[in-house]
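Overview (structure and organization)
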Amino acid sequence: MRRLLGAVFALLVASGVSFASGLKDENLLVGMPEGYKVAFSQNKNGLLVSEMIPRGQSLKNWKDMVTVQIHFSRRVPMKVLEKQYTQVKSPICKQQDGRLVRRGRENGYEFGLFLTSCTTTPASKSETVLTKVIVGNDSTYFTIKSWRSNVGEADIAKWSAYLSRVKVCDSRIEGRKCP
């Protein structure tokens with residue numbers, strides 16, 4: 001329960017809501033995109049998933065979605081993630097493409113930014129996905145922007161800027177303190 005609260009508080013803090021008590025331990029700082037709403041959230045078996053869609057869209061027929069996944073107590077090496085996003089083909093995609101856009105360190109944590117596309121999924125929709133993965137000390141954090149519509153360079157640039165603001169902080173480590 002404490003991990004869920006930390007993740008939820010971090011989402012709210014990054015959205016401009018302040019709390020009297022600070023965040024504890026390691027947290028993902030991610031803001032609610034403007035015009036979006038939380039459509040689904042679940043914390044089960046060490047995995048927190050929160051799906052946000054634009055107001056006016058539904059989970060059944062969404063065209064744009066931002067998903068946050070926190071894999072608690074799991075640290076996935078970046079080499080494994082890079083292979084998964086750039087080389088492994090999914091059986092549900094007729095055509096799939098994946099590439100590493102950027103890799104580096106932010107606030108002391110390793111991150112990767114990946115752009116993938118899949119044509120003709122089981123939902124008969126093509127998807128383009130921009131994913132930022134942060135490998136924390138305690139967990140692995142995914143923030144995913146998905147489109148089921150045409151995506152232009154301006155869209156990629158806008159959402160890359162959004163993902164560049166997604167960070168991990170840790171109240172236990174000097175220099176990585178949470179707000």
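The notes below deal with the structure included here. Remember, predicted model here, so these are calculated numbers, not experimental data.

**Some details on the state of the cysteines**
Applying the stated criterion across every chain yields a total of 1 disulfide. The disulfide partner of Cys169 is Cys178, and the S-S distance across this bridge is 2.1 Å. Residues Cys169 and Cys178 share a disulfide whose torsion about the S-S bond is about 100°; that sign makes it right-handed. Residue class for Cys169 comes out buried when judged on its relative accessible area of 1%. Judged by relative accessible area, Cys178 falls into the buried class, the value being 16%.

**Some details on the environment of Arg102**
Here Arg102 is to be found in strand β5 (residues 95-106). Among the residues examined, Arg102 registers a relative accessible area of 37% and is labelled partly exposed. For the pair Arg102 and Leu115, spaced 13 residues apart in the sequence, the C-alpha separation amounts to 9.7 Å. Leaving out residues up to four positions away in the same chain, Arg102 has contacts with Phe111, Gly112 and Leu113.

**Brief notes about the side chain of Thr67**
Within the element layout of this structure, Thr67 appears in strand β4 (residues 64-72). Overall, Thr67 belongs to the buried group, its relative accessible area being 7%. If sequence neighbours within four positions are ignored, Thr67 has contacts with Val49, Ser50, Glu51, Phe142, Thr143 and Ile144.

**Description of the pattern of salt bridges**
As enumerated under the stated definition, the model contains 9 salt bridges in all. We note a salt bridge from Asp138 to Arg172, for which the minimum N-O separation is 2.4 Å. With Asp138 in the loop between β7 (127-135) and β8 (139-147) and Arg172 in the segment after β9 (167-170), the pair connects residues that are 34 residues apart, well separated along the chain. Of the residues examined, Asp138 reaches a relative accessible area of 28% and is grouped as partly exposed.

**Observations concerning the packing of aromatic side chains**
This model, assessed by the stated rule, comprises 3 aromatic pairs. Judged by centre distance (5.8 Å) and plane angle (65°), the rings of Tyr36 and Trp159 are edge-to-face. You can see Tyr36 sitting in strand β2 (residues 36-44) and its partner Trp159 sitting in helix α3 (residues 153-164), a full 123 residues away along the chain. Accessibility classification places Tyr36 together with Trp159 in one group, the buried group.

Parameters at a glance
- Residues numbered from 1 in each chain as written.
- Predicted model: local features only at pLDDT ≥ 70, side-chain atom pairs only at ≥ 80, totals over all residues.
- Heavy atoms only, no water.
- Disulfide = S-S within 2.5 Å.
- Buried < 20%, exposed > 50% of the residue type's maximum accessible area, 1.4 Å probe, protein only.
- Helix = DSSP H or I, 4+ residues; strand = E, 2+ residues; numbered from the N terminus.
- Contact = heavy atoms within 4.5 Å.
- Salt bridge = Lys/Arg side-chain N within 4 Å of Asp/Glu carboxyl O.
- Phe/Tyr/Trp six-rings, centres within 6.5 Å; stacked < 30°, edge-to-face > 60°.

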